[in-house]
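Residues per chain, in single letters:
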Amino acid sequence: MSRVRAISLFSGGLDSICATRVVMAQGVEVLAIKFVSPFFGYDILRDPDGYRSKIKQKYGIEVSVYDISEEYLQMLRSPSHGFGKYFNPCVDCKIFMLERAKTMLDEFGASFLITGEVLGQRPMSQRRDTLNVIERDSATRSLLLRPLSAKLMNPTEAELNGWVDREKLLDFSGRGRSRQIALAKSFGITDFPAPAGGCILADPILSTRIARVYNNDFVVTQQNMNVADILLMLIGRQFLLPNRGWLVLGREEKENDRLEELQEPGDIKLFIEERPGPVALLRRAAELYDNADARGRDLEAAAGLVTRYAKKKDGRPTGGNVIIIDDAAHSESFYEPLMDGTFRDWII
Ligand code: SF4
């Protein structure tokens, strides 16, 4: 007889590791699903195979990675349950992921879903009434097993059908992690990730930038932004120039390289060659300006910021030749560095 299968929503955190292993320990074949978007886990897309083998080796869990960026950006436009403290739509996020995972059940021949949610662990998304809303709105009520708090909840199909033994599930609640840590140790897992963190939508500074886009208070708006815009928003020094140009400067070589990767047609790139300094991108310059003066003033400001943040000489910002490349042209001119007081209000 073939084994019962389940799909686990896998964040990579301690709770999802424990929940997955608790069900695996009952002989169920579990496929963990790691969803990624520009807001969480996106780096995994650089090497999904490496991530898969790391998770298998560290936690004994089979994981598949899915990029849900495009749909996730749409969902963020109007989450019906609103936002948490920052721009984190946790309830809708979970509903969205469960709906998505539910559509995969047939493909994997799986009978139920697992999450690592723990009753009362988080103020917004893990209260009992919210957990009920999540399963109701994702239409997963009977399908969704939360092994870590299952004994505090009504039995689901997995228990009623005898696919798992309810007695071997758990009754965790509240914020503490000690029971999860002890449980992980019982599976021989001692090297697990630190709590929380990882979601940019719950970051006080970065989420504010994202919120500006969704409030249509920025150069890119929710109608015309793309995944690369969001990724660009999360790195480097960010400025909104006086004529509405969006400028991003790399703070180190790695960020400079990343900016080059994120460059798109219509962007203007600025950089300095004579000494170490930032690469800068003036995003969507080709479509942003309706007159050459405004464009010229923003370019001048951008070049002044490039020399301001280039390596100092004798401890002071110094002028230098800035190379400016847009789709059609290439120029090089000398620019003095901007004084700090000049651009303080441009920082975003
Ligand atoms: S913290 Fe981020 S990833 Fe986690 S539920 Fe909230 S929005 Fe989703």
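Going by the structure above, here's the rest.
Residues numbered from 1 in each chain as written. Predicted model: local features only at pLDDT ≥ 70, side-chain atom pairs only at ≥ 80, totals over all residues. Heavy atoms only, no water.

Caption draft 1: Seen up close, the nonpolar core. Core analysis: the biggest nonpolar cluster contains 56 residues, and Ile-7, Phe-39, Tyr-72, Met-97, Ile-210, Phe-218 and Trp-246 have the highest contact counts within it. Shared between two domains, this core holds at least three residues of each, these being domain 1 (5-186) and domain 2 (204-346). Once you skip the residues sitting within four places of it in the chain, Ile-7 turns out to touch Leu-31, Ile-33, Ala-101, Met-104, Leu-105, Phe-108, Ala-110, Phe-112, Leu-113 and Ile-114. Within the second largest apolar cluster, 34 residues are counted, among which are Val-28, Tyr-51, Val-65 and Leu-183. (Core = buried A, V, L, I, M, F, W, Y, C linked by side-chain atoms within 4.5 Å. Buried < 20%, exposed > 50% of the residue type's maximum accessible area, 1.4 Å probe, protein only. Domains from an automatic or database assignment. Contact = heavy atoms within 4.5 Å.)

Caption draft 2: Looking closely at the pattern of salt bridges. Enumeration over the complete set of coordinates arrives at 26 salt bridges. Note that Glu-117 and Lys-94 form a salt bridge whose closest N and O atoms lie 3.7 Å from each other. Placement of the pair is Glu-117 in the loop between strand E4 (112-114) and helix H6 (128-137) and Lys-94 in helix H4 (residues 90-102), with a sequence separation of 23 residues. Each member of the pair, Glu-117 as well as Lys-94, is classed as buried. Among the salt bridges present, the one from Arg-295 reaches Asp-326, with a minimum N-O distance of 2.6 Å. Pair noted here: Arg-295 is in helix H13 (residues 292-309) and Asp-326 is in the loop between strand E10 (320-325) and strand E11 (330-335), with a separation of 31 residues, a long-range link. According to the relative accessible area criterion, Arg-295 is partly exposed, its value standing at 27%. By sharing partners, the salt bridges in this structure join Asp-229, Glu-264, Asp-267, Arg-283, Arg-284 and Glu-287 into a single network. (Salt bridge = Lys/Arg side-chain N within 4 Å of Asp/Glu carboxyl O. Helix = DSSP H or I, 4+ residues; strand = E, 2+ residues; numbered from the N terminus.)

Caption draft 3: Examining the packing of aromatic side chains more closely. Tallying each qualifying case throughout the model produces 11 aromatic pairs. Centroid distance Phe-83 to Phe-87: 4.3 Å. Interplanar angle 15°. Geometry classified as stacked. A relative accessible area of 33% places Phe-83 in the partly exposed class. Chaining the aromatic ring pairs together yields one cluster made of Phe-39, Phe-40, Tyr-72 and Phe-96. (Phe/Tyr/Trp six-rings, centres within 6.5 Å; stacked < 30°, edge-to-face > 60°.)

Caption draft 4: Summary view of the site of the ligand. The full set of residues close to the ligand is Phe-40, Tyr-72, Pro-89, Cys-90, Cys-93 and Cys-199. Across the shell around the ligand, the residue classes break down as six nonpolar, no polar and no charged. (Near = heavy atom within 4 Å. Nonpolar A, V, L, I, M, F, W, Y, C, P; charged D, E, K, R; others polar.)

Caption draft 5: Representation of the packing of helix H1 (residues 14-24) against helix H8 (residues 178-186) within the structure. Running from N to C, H1 and H8 cross one another at 50°; their axes reach a closest spacing of 10 Å. In terms of their interaxial angle, H1 and H8 are classed as oblique. Seen along the crossing, H1 lies across H8 with a hand that is left-handed. Counted together, Leu-14, Asp-15, Cys-18 and Val-22 of H1 and Gln-180, Ile-181, Leu-183 and Ala-184 of H8 form the full contact between these two elements. For the contact of H1 with H8, a count of residues per class yields six nonpolar, one polar and one charged. (Axes fitted to C-alpha atoms, helices over the stretch in contact; angles between N-to-C directions. Parallel < 35°, antiparallel > 145°, perpendicular 65-115°, else oblique. Left-handed = near helix turned anticlockwise from the far one by under 90°.)

Caption draft 6: Summary view of the sheet that holds strand E5 (residues 144-145). Pairing is parallel in the open sheet, where five strands are placed in the order E3-E2-E1-E4-E5. Taken across any chain shown, the strands that pair with only one partner, and hence form the sheet edges, are strand E3 (62-67) and E5. The pairing of strand E2 (residues 29-36) with E3 spans six bridges and is parallel. Residue pairing across strands places Val-36 opposite Asp-67, the latter belonging to E3. Running at roughly 155° to strand E1 (residues 5-9), H4 makes contact with E1, E2, E4 and E5 of the sheet. (Pairing = 2+ DSSP bridges.)

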